[in-house]
Amino acid sequence: MQIIAIYPGTFDPITNGHLDLIARASRLFQKVIVAVAVNAGKSPLFTLEERVHLVKQAAINFPNVTVVGFDTLLVDCARQHGATVILRGLRAVSDFEYEFQMAGMNRNLAPELETLFLTPSEKYTFISSSVIKAIAQLHGDISAFVPSCVQQQFKQKFTAN
Ligand code: COA
């Protein structure tokens, strides 16, 4: 039986921590959908198109990974793509409460979907997209924390503005 997993997030922008999770997921599941949320509530720095493009470039070496944008409920996006597993990353205990609530709500909305948690490599546990944006905006070196396409996109964004 083919199990399709969906890995949702805002990915503003994708980091090496997210990529580490995608690599782990691609080894575990036959197909992985990375679902990039519009998430207007977070006022993303990058547009949805930019974020989808960056995830596609970063995950280009994983043939079983597909990247989509979505502006619906996650459970509806999962159903649309035939996913039965929702994947989320847990970096630290502090992530747990929010993730536990989201998993519970998604289970109530769609009982047929299971949420599974993976932990990224320890060397990425301190990374978050907000921290990366804060460093990049002050022209700090983010090369160890993000794929090179993200670095390029920051350069373009901050040179253009
Ligand atoms: N490595 C490094 N950083 C990681 C990480 C990892 N493996 N996993 C998560 N993060 C960081 C992200 O960088 C991000 O940092 P930030 O808060 O500084 O931006 C933070 O953890 C969480 O971001 P992300 O993983 O992108 O998830 P999110 O919380 O932004 O996404 C959605 C939440 C999109 C999954 C959720 O809002 C959703 O499902 N929306 C769709 C609408 C819906 O169905 N709502 C009801 C949900 S119950």
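Every value quoted in this text rests on a predicted model; they were computed, and no experiment measured them.

Rules and cut-offs
- Residues numbered from 1 in each chain as written.
- Predicted model: local features only at pLDDT ≥ 70, side-chain atom pairs only at ≥ 80, totals over all residues.
- Heavy atoms only, no water.
- Near = heavy atom within 4 Å.
- Polar contact = N/O pair within 3.5 Å; in protein donor to acceptor, adjacent residues only side chain to side chain.
- Areas by Shrake-Rupley, 256 points an atom, 1.4 Å probe, with all protein chains shown as cover.
- Helix = DSSP H or I, 4+ residues; strand = E, 2+ residues; numbered from the N terminus.
- Nonpolar A, V, L, I, M, F, W, Y, C, P; charged D, E, K, R; others polar.
- Salt bridge = Lys/Arg side-chain N within 4 Å of Asp/Glu carboxyl O.
- Buried < 20%, exposed > 50% of the residue type's maximum accessible area, 1.4 Å probe, protein only.
- Contact = heavy atoms within 4.5 Å.
- Pairing = 2+ DSSP bridges.
- Right-handed = clockwise from strand over helix to strand, strands pointing away.
- Core = buried A, V, L, I, M, F, W, Y, C linked by side-chain atoms within 4.5 Å.
- Axes fitted to C-alpha atoms, helices over the stretch in contact; angles between N-to-C directions.

1. As for the site of the ligand
Item 1. Lining the immediate environment of the ligand, one finds 25 residues, of which Thr10, Lys42, Leu74, Ser129 and Ser130 sit closest.
Item 2. Between an oxygen atom of the ligand and a side-chain N or O atom of lysine 42, the distance comes to 2.7 Å.
Item 3. Contact with the protein chains covers 84% of the free accessible surface of the ligand, which is 940 Å².
Item 4. Contributions of two or more residues to the shell around the ligand are made by β1 (4–9), α1 (16–28), α4 (93–109) and α5 (129–137).
Item 5. With 4 residues, the single largest contributor to the shell around the ligand is α4.
Item 6. Among the residues making up the shell around the ligand, the classes are represented as 11 nonpolar, 11 polar and 3 charged.

2. Some words on the pattern of salt bridges
Item 1. All told, the structure shown has 8 salt bridges when counted by the stated rule.
Item 2. Between lysine 133 and aspartate 12 there is a salt bridge; the shortest N-O distance is 2.7 Å. Note that lysine 133 is positioned in helix α5 and aspartate 12 in the loop between β1 and α1, a separation of 121 residues in sequence. Summarising the burial analysis for this pair, lysine 133 and aspartate 12 share the class buried.
Item 3. Residues arginine 107 and glutamate 114 are paired through a salt bridge, measuring 3.2 Å at the closest nitrogen-oxygen approach.
Item 4. Shared partners join several salt bridges into a network, and the residues in it are Asp76, Arg79 and Glu112.

3. Re the environment of valine 34
Item 1. For valine 34, the location among the structural elements is in strand β2 (residues 31–37).
Item 2. Remark: the alpha-carbon pair of valine 34 and alanine 59, spanning 25 residues in sequence, is separated by 9.4 Å.
Item 3. Discounting chain neighbours no more than four positions away, the residues touching valine 34 are Tyr7, Phe11, Ile22, Val55, Val65, Thr66, Val67 and Val68.

4. What to know about the pairing of strand β5 (residues 114–118)
Item 1. Of the strand pairs in this sheet, strand β4 (residues 85–89) and β5 are connected by 5 bridges, and their pairing is parallel. Among the inter-strand pairings, isoleucine 86 is bridged to a residue of β5, identified as threonine 115.
Item 2. Crossover β4 to β5 through α4 is right-handed.

5. What to know about the nonpolar core
Item 1. Core analysis: the largest hydrophobic core is formed by 32 residues, its most contacted members being Ile14, Val34 and Leu87.
Item 2. Sorting the residues of this core by element identifies β1, α1, β2, α2 (48–58), β3 (65–70), β4, α5 and α6 (148–160) as the ones contributing at least two each.
Item 3. Judged by nonpolar contacts, the second largest core, of 15 residues, contains Ile6, Ala35, Phe70 and Ala110.

6. Regarding the sheet that holds β2
Item 1. Here 5 strands make up an open sheet; going across it, the order is β3-β2-β1-β4-β5 and the pairing parallel. A single partner strand is all that each edge strand has here, and the edge strands are β3 and β5. On average, each strand axis in the sheet is inclined to that of its neighbour by 30°, with strand direction left out of account.
Item 2. As defined by bridge partners, β1 adjoins β2 across 6 bridges and the pair is classed as parallel. When the bridges of β2 are listed, isoleucine 4 appears paired with lysine 31.
Item 3. The strands touched by α1 are β1, β2, β3, β4 and β5; relative to β5, the strand with the most contacts, the crossing angle is about 120°.

7. Here we look at unusual backbone geometry
Item 1. Here the amide bond leading from aspartate 12 into proline 13 is cis, since omega sits at 0°, within 30 degrees of zero.
Item 2. Its location among the elements puts proline 13 in the loop between β1 and α1.
Item 3. One non-glycine residue with positive phi stands out, namely serine 43, at about 45°.
Item 4. Topologically, serine 43 is positioned in the loop between β2 and α2.

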